Amino acid sequence: MITIATAVFICLLDQAVKWLVQTSMVLGESVPIFPHIFHLTYIINPGAAFGILADQQWFFLGIVGVLLVVFFMLRSRIPSRPVYFPVAVGMLLGGALGNAIDRVRIQGVVDFFDFRIWPIFNVADVAICLGVGLIAFYYWRRDT
């Protein structure tokens, strides 16, 4: 249950922040928070990380579909301890769903966190990366 609750929370948070960006900024606008270090820059990314595979919406939606099918098939095998593991799976699912909603709605993903030395990203991307990192950490620690 914590996995689904986490996924719903991440997806709703992601969509709420994206809505704020879309309703308060103009596409392409960049607002310096810490000049030359961190800006909020509103873009639509038609691809994945670093803009790769641009305009391949069906491919990305297919990956999310497979991820959801695998989750529902294996959900009973998700360990409840340590607690970060089901949370990590929820973060991965919630982030994937958040970006999938954008892909269906606007044929791209709303990105806005801009550290100027890294491609612009969003809340869903952070959740996906943290989720995958925690899952990898779990399996790395489990084998020792």
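Residues numbered from 1 in each chain as written. Predicted model: local features only at pLDDT ≥ 70, side-chain atom pairs only at ≥ 80, totals over all residues. Heavy atoms only, no water.

A.B. asks: Before we go on, may I ask you to explain the overall build of the protein in this structure?
C.D. replies: On a plain count of helices and strands, the protein comes out with four helices and three strands. Tracing the protein from N to C terminus, the helices and strands come up as α-β-β-α-α-β-α. Expected size for 144 residues packed as a compact globule is a radius of gyration near 15 Å; at 16 Å, the protein falls within 12% of this value. The dimensions of the protein, computed from C-alpha atoms along their principal axes, are 45 × 30 × 25 Å. Burial statistics for the protein: of 144 residues in total, 37% are counted as buried. Contacts in the protein between residues at least 24 apart in sequence constitute 66% of all its contacts with a sequence separation of at least 6. The distance from the centre of the 9 positive side-chain charges to the centre of the 8 negative ones in the protein is 14 Å. (Helix = DSSP H or I, 4+ residues; strand = E, 2+ residues; numbered from the N terminus. Rg over C-alpha atoms; globule rule 2.2 N^0.38 Å. Buried < 20%, exposed > 50% of the residue type's maximum accessible area, 1.4 Å probe, protein only. Contact = heavy atoms within 4.5 Å. Lys, Arg positive; Asp, Glu negative; His and termini not counted. Charge placed at Lys NZ, Arg CZ, Asp CG, Glu CD.)

A.B. asks: Would you explain the pattern of salt bridges in this entry?
C.D. replies: Side chains that differ in charge, positive against negative, can pair when their charged atoms come close. By the definition in use, this model includes four salt bridges. A salt bridge links Lys18 to Asp102; the nearest nitrogen and oxygen atoms lie 2.8 Å apart. Here the residue Lys18 occupies a position in helix 1 (residues 2-24), and Asp102 occupies one in helix 3 (residues 84-106), the gap between them amounting to 84 residues. Just as Lys18 is buried, Asp102 falls in that class too. (Salt bridge = Lys/Arg side-chain N within 4 Å of Asp/Glu carboxyl O.)

A.B. asks: Can you walk me through the confidence of the model for the protein in this structure?
C.D. replies: Detailed reading of the predicted coordinates is not advisable wherever pLDDT is low. With 97% of its residues at a pLDDT of at least 70, the protein reaches an overall mean of 93. Confidence, read as mean pLDDT per element, is least for helix 2 (residues 57-74) in the protein (89) and greatest for helix 1 (98). (pLDDT = per-residue confidence, 0-100.)

A.B. asks: Teacher, can you tell me more about the side chain of Lys18 here?
C.D. replies: Here Lys18 falls in the buried class, since its relative accessible area comes to 0%. A polar atom in the side chain of Lys18 sits 2.8 Å from the side chain of Asp14. Of note is the side chain of Lys18, whose polar atom sits 2.8 Å from the side chain of Asp102. Setting aside residues no more than four positions away along its own chain, Lys18 makes contact with Gly98, Asn99, Asp102, Val109, Val110, Phe112, Asn122 and Ala124. (Polar contact = N/O pair within 3.5 Å; in protein donor to acceptor, adjacent residues only side chain to side chain.)

A.B. asks: What exactly am I supposed to notice about the pairing of strand 1 (residues 30-34) here?
C.D. replies: Two faces, one strand: in a regular strand the side chains alternate between the faces of the sheet. In this sheet, strand 2 (residues 38-45) lies alongside strand 1 in antiparallel orientation, the contact comprising four bridges. From the neighbouring strand, Val31 faces strand 2, where its bridge partner is Leu40. Counting the residues in the hairpin turn of strand 1 and strand 2 gives three residues, including His36, whose phi is positive at 70°. (Pairing = 2+ DSSP bridges.)

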